Amino acid sequence: MLYLASQSPRRRELLGQLGVSFSILDVNVVEVPFPEELPVDYVQRVARDKAQAGWESLNRETQAHALVLASDTEVVLGDRIFGKPKDADDAVQMLQALSGRTHDVMSAVCVMSAKREHGDVCISRVRFAELDEADIAAYVATGEPFGKAGAYAIQGKGATLIQYLEGSYSGVMGLPVFETARLLRGFGLSV
Ligand SMILES: Cc1cn([C@H]2C[C@H](O)[C@@H](COP(=O)(O)OP(=O)(O)OP(=O)(O)O)O2)c(=O)[nH]c1=O
């Protein structure tokens, strides 16, 4: 049985694209980088923490036949890591920083079974258009930035802010479908 340890509706939708059946586990982990932790290490650690939390929420009997999948997405600009904005001001600051620049979106996936665990990370490059104060205020007022790493959603109106994407659309949206399918095949699922 496959479990998705995530409260994200985007991840449900993207995992659904693979045509596998799965159940949801609600997990909540602390998402704070360690001092000096590299973004690529941080995103993989958090994905693993989510998978571990999901795993621990299952009873022993269920664990024996379970696969738990979790993911984490962070927006990375230089050495700054942007998770989900805390409030509107935070969202404005993130969008100001991203304006007219190219950033990385890192999405890590972790899959756990009783015998092993494997992970992968997908890094995409996203170029934002130059945004003025009014553009940013209007976008934040839509409410879309909340609950999204970097304060935007490629799958929503946020697409109008993006000049180009080099990488994985599903990875930016929250679950890199190619890497996820490859990992699940490694655990014997036919996807
Ligand atoms: C960059 C970007 C992120 N996002 C979302 C994906 C993730 O849901 C969120 C990043 O926060 P995460 O902490 O990765 O995930 P989450 O808290 O939403 O869900 P979970 O329960 O699995 O921990 O940002 C988009 O929906 N579109 C985008 O374009």
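Because the structure is predicted, anything quoted here is derived from the model rather than measured.

## Regarding the overall build of the protein chain
Now for step 1: Of regular secondary structure, the protein chain possesses seven helices and seven strands.
Now for step 2: Traced from its N-terminal end to its C-terminal end, the protein chain shows the element sequence β-α-β-α-α-β-β-α-β-β-α-β-α-α.
Now for step 3: Relative to its length of 191 residues, the protein chain is compact, with a C-alpha radius of gyration of 17 Å against a globular reference of 16 Å.
Now for step 4: With respect to the principal axes defined by its C-alpha atoms, the protein chain has extents near 55 × 35 × 25 Å.
Now for step 5: Taking as baseline every contact in the protein chain between residues at least 6 positions apart, the subset at least 24 positions apart corresponds to 69%.

## Considerations on the site of the ligand
Now for step 1: In the vicinity of the ligand there are 25 residues, among which Ser6, Gln7, Ser8, Ile154 and Gly174 approach most closely.
Now for step 2: Looking at the shell around the ligand, the elements with two or more residues in it are helix H1 (9-16), strand S3 (67-77) and helix H6 (169-173).
Now for step 3: Examining the composition of the shell around the ligand, we find that four residues originate from one element, S3, more than from any other.
Now for step 4: Residues of the shell around the ligand, tallied by class, amount to eight nonpolar, ten polar and seven charged.

## A short note on helix H5 (residues 133-141)
Now for step 1: Residues of H5 that are buried include every one of Ile136, Tyr139 and Val140, and no others. With its buried residues spanning 95° around the axis, H5 presents them on a single face. Relative to its buried face, H5 has exposed residues pointing more than 90 degrees away, namely Ala134, Ala138 and Ala141.
Now for step 2: Turning to H5, the residues buried within the fold contact helix H4 (88-98).
Now for step 3: Gly143 lies just past H5 and shows a positive phi near 85°.

## As for the confidence of the model for the protein chain
In low-pLDDT segments, the atomic positions of the prediction should not be examined closely.
Now for step 1: Taken as a whole, the protein chain shows an average pLDDT of 97; of its residues, 100% reach a score of 70 or greater.
Now for step 2: With pTM at 0.97, the complex prediction returns an ipTM value of 0.99.

## Notes on the UniProt feature "site: Important for substrate specificity" (unreviewed entry) in the protein chain
Now for step 1: UniProt feature "site: Important for substrate specificity" (unreviewed entry): in the numbering of this structure it lies at Arg10, Thr73 and Gln155. These residues run over 146 residues, yet every pair of their C-alpha atoms falls within 14.3 Å of each other.
Now for step 2: Positionally, Arg10 belongs in helix H1.
Now for step 3: Every residue in contact with Arg10, bar those within four places of it in the chain, is listed here: Gln155, Met173 and Gly174.
Now for step 4: The topology assignment puts Thr73 in strand S3.
Now for step 5: Residues contacting Thr73, with those up to four places away along its chain left out, are Val105, Ser107, Ala149 and Gly174.

## What to know about the UniProt feature "active site" (unreviewed entry) in the protein chain
Now for step 1: According to UniProt, the feature "active site" (unreviewed entry) maps to Asp72 in the numbering used here.
Now for step 2: Note on placement: Asp72 falls in strand S3.
Now for step 3: Apart from the residues within four sequence positions on either side, Asp72 is in contact with Val43, Val46, Ala47, Lys50 and Ala108.

## Considerations on the environment of Glu74
Now for step 1: Note on placement: Glu74 falls in strand S3.
Now for step 2: For the pair Glu74 and Val105, spaced 31 residues apart in sequence, the C-alpha separation works out to 5.9 Å.
Now for step 3: Setting aside anything within four residues of it in sequence, one finds Glu74 in contact with Pro39, Tyr42, Val43, Ile81, Phe82, Gly83, Met106 and Ala149.

The rules we used
Residues numbered from 1 in each chain as written. Predicted model: local features only at pLDDT ≥ 70, side-chain atom pairs only at ≥ 80, totals over all residues. Helix = DSSP H or I, 4+ residues; strand = E, 2+ residues; numbered from the N terminus. Rg over C-alpha atoms; globule rule 2.2 N^0.38 Å. Contact = placed C-beta atoms within 7 Å. Near = placed C-beta within 6 Å. Nonpolar A, V, L, I, M, F, W, Y, C, P; charged D, E, K, R; others polar. Buried ≥ 20, exposed ≤ 12 C-beta atoms within 10 Å, placed from the backbone. Arc of directions from axis to C-beta. pLDDT = per-residue confidence, 0-100. UniProt positions renumbered as here; feature names shortened; annotations may be inferred.

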